[in-house]
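# Commentary on secondary and tertiary structure
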Amino acid sequence: MSQKIAVIAIGGNSLVKDKTRQSVQDQYKAVNETCKHIADMILAGWTVAIGHGNGPQVGFVLRRSEIAFQVEGIHEVPLDVCGADTQGATGYMLQQNLYNEFLINKIDKKVATIVTQVEVDPNDPAFQHPTKPIGSFMDQSLAEEKKDKEGWSIREDAGRGWRRVVPSPLPKRVVEEPAVKELINAGMCVITVGGGGIPVVADESGKLVGIAAVIDKDYASSLLAKGVGAELLIISTAVEKVALNFGKPDEEWLDRMTLEEARKFFAEGTHFAKGSMAPKIQACIWFLEGGGKTAIITNPENIGRALAGETGTWIVSE
Amino acid sequence: MKIVIALDGDLLVSEDQSQGMLGQMEAITGIADQMGELVRAGHKLVITHGNAPQVGFMLLRGEAARHIVHPLPLDICGADTQGATGYMLQKALRNWLDHEGLENEVLTLITQVVVGAPAPHGAPGTKGIGPFFERGRAQALNKNHGWELEMVPGQGYQRVVPCLTPKRILEANSIRHLFERGQVVVCSGGGGIPVRINELGNIVGVEAVVDKAYTAFLLGEELQADMIIFVSQWERIINTFDLDLNNGLLNFHFSDLDNLLDRNNKIEDTMRHKLIASRNRLEENGRPVLFVPPDQLGKIPDRCKGIQLVSGKIAVKS
């Protein structure tokens, strides 16, 4: 029997609800809720692969690393390893909570978290224009020292101080995709491309090397969904539906659009916020162009209803 | 052969701590090259590793930043290090295999183990972890967090946690699935993330460390491995067995282990765990157990130097 495969990209709000709820216990609770919704998908007959964000988590790892370096002289954690750290920890919380949900729902499924590297093109134009601020604010002299000694790109951030910026290149290849596919084909629930994957590039000899960059998790999930032959991509975010003219008087919530309409709205450039909804729409477009059937954007609590066609914004291939 | 490789955690960090993460990557690459030789020779590998130094760094960072960033419980620290160490191992080994034209995949699976009884009789039942504190701070930590602390002469107070025996690897299915398809699997780092099943039947993390030598044997049973290889520094093996290792692979009869444990007080805790696990498990299954230093790993089984534990059930090679 062929399986119905879905990839769900869960957003940062599924892990850290807000600034007052960041502790591990809070994250665990948030993950627990999200896992109930994922169990709903599985009960609806889907074999599910899960991608997740890691923005706040990487922030915490970096902050500890910076402070411990300043105070105790403990070596700092480079960005690729921070990503691997958070894949481990978030994957663990997800897989443990999924097991517990499966138990409640009598779902006979196994869960696996695969530490996942994503290859990017070293010639990606993003490397010429690093845009993603990471780590703490610095004063100008420290920022310049880091620039000179460690080759950081730095930027002054609206009068609040200086920050490191890193590029956000497009994902080209999910390095561990064959194994992810094998586990999915065996009917397992797989957690992968955490934080968009650990960014690596191939050096001149073909070896993969970790780099300081950030990959968009929706793009990586979209690429994975294409690669594993998923029918459905769900992007779980803070809103129940996508709106045209979001936040304006003529705002219009969308139930459904075709790939062609999505392309048209996206090209108009005024509907979807850059760095927020726009990349999600782009991720859906790429997925559908690559052979996917349906992409849904909704918030975690509405995943079950969205799957039943009651809510969310559906983007369909035709 | 199907082989379980258990790497000591301190092989994966640089002896010179000032080398930081680059040093770790270099150390890991050196070992990956050796393991690559085993893959080339046609062996199937599952790799598990210690994480004491890595968790130590995390706890130090957590403590230094406690006033600013929420600290991490021990299960999350374990998950973090499985992600980071797994990433470095899988990248390094995959690069070696790619370079040699071998197509095996290398995957890291985040692994939980259900823990049970304390480490068996004769093996240390607790382990000191993380930074050293002054008396006042130690008392506060005991009062506020329920930590047990012990005075380490000349260093200060250190947290001690139980060292528990693993009963079951929760992700055994996915590990086996990939392993049997010829993929190299990195898993159960630190012996696995310790969890227990609570009154409600839910899986929850435990503040403990795992007797990782036992996890290696559990993996061996799950995968019906032909051999378990413990990889440690030369000096550590020599100090344990009190033998000259320059004469190839020496046989050591497992019935002499008790005697060795009694008479040699130079045996470090980590080796004591391995010897006791070997004594308890070897009798049951007769699987060969090797103790080799990292630079001998690629020469196994015929040309390596080290110790092979033998039971009466297997042919003794002179």
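As shown above, the structure is provided for reference.
Since this is a predicted model, take the numbers as computed values, not measurements.

This brings us to the interface of chain B and chain A. Frequently, the measure chosen for interface size is the accessible area that the parts lose on association. At the interface, 46 residues of chain B touch 46 residues of chain A. With 14 residues, helix 3 (residues 74-99) of chain B is the single largest residue contributor to the side of chain B that touches chain A. Looking at the side of chain B that touches chain A, its residues break down into 20 nonpolar, 18 polar and 8 charged.

Attention now goes to the pairing of strand 7 (residues 156-169) of chain B. All names here are of chain B. Sheet analysis places strand 4 (residues 112-118) next to strand 7, joined by 4 bridges and oriented antiparallel. Paired with Val113 across the strands is Ile169, a residue of strand 7. Of the strand pairs in this sheet, strand 5 (residues 126-133) and strand 7 are connected by 6 bridges, and their pairing is antiparallel. The residue of strand 7 that forms the bridge with Phe133 is Tyr157. As judged from the 5 bridges shared by strand 6 (residues 148-152) and strand 7, these two strands associate in the antiparallel manner. Paired with Leu149 across the strands is Arg159, a residue of strand 7.

Our focus in this paragraph is the packing of helix 3 (residues 79-104) of chain A against helix 3 of chain B. Closest axis-to-axis distance for the helix 3 of chain A/helix 3 of chain B pair is 7 Å, and the angle between their directions is 130°. One way to sum up the angle between helix 3 of chain A and helix 3 of chain B is to call them oblique. When the axes of helix 3 of chain A and helix 3 of chain B are compared, the crossing they make is right-handed. Between helix 3 of chain A and helix 3 of chain B, the residues in contact are Val81(A), Ala84(A), Asp85(A), Gln87(A), Gly88(A), Ala89(A) and Tyr92(A) and Ile76(B), Ala79(B), Asp80(B), Thr81(B), Gln82(B), Gly83(B), Ala84(B) and Tyr87(B), respectively. Classifying every residue of the contact of helix 3 of chain A with helix 3 of chain B by side-chain character gives 8 nonpolar, 5 polar and 2 charged.

A few words now on the sheet that holds strand 5 (residues 132-138) of chain A. Residue and element names in this part refer to chain A. Taking strand neighbours across the sheet as the criterion, the 3 strands line up as 5-7-6 in an open arrangement whose pairing is antiparallel. At either end of the open sheet lies a strand with only one pairing partner, and these are strand 5 and strand 6 (153-156). Adjacent strand axes in the sheet meet at a mean angle of 35° when their direction is disregarded. In this sheet, strand 7 (residues 162-166) lies alongside strand 5 in antiparallel orientation, the contact comprising 4 bridges. Within strand 7, the position partnered with Ile134 by the bridge is Arg164.

Residue and element names in this part refer to chain B. Among the secondary structure elements, Ile267 is positioned in the loop between helix 8 (257-263) and helix 9 (269-285). Residues Ile267 and Ile237, spaced 30 residues apart in sequence, show a C-alpha to C-alpha distance of 8.9 Å. In this view, Ile267 contacts Thr240, Leu261 and Arg272; residues no more than four positions away in its chain are not counted.

About the thresholds
Residues numbered from 1 in each chain as written. Chains lettered and ligands numbered in written order. Predicted model: local features only at pLDDT ≥ 70, side-chain atom pairs only at ≥ 80, totals over all residues. Contact = placed C-beta atoms within 7 Å. Helix = DSSP H or I, 4+ residues; strand = E, 2+ residues; numbered from the N terminus. Nonpolar A, V, L, I, M, F, W, Y, C, P; charged D, E, K, R; others polar. Pairing = 2+ DSSP bridges. Axes fitted to C-alpha atoms, helices over the stretch in contact; angles between N-to-C directions. Parallel < 35°, antiparallel > 145°, perpendicular 65-115°, else oblique. Left-handed = near helix turned anticlockwise from the far one by under 90°.

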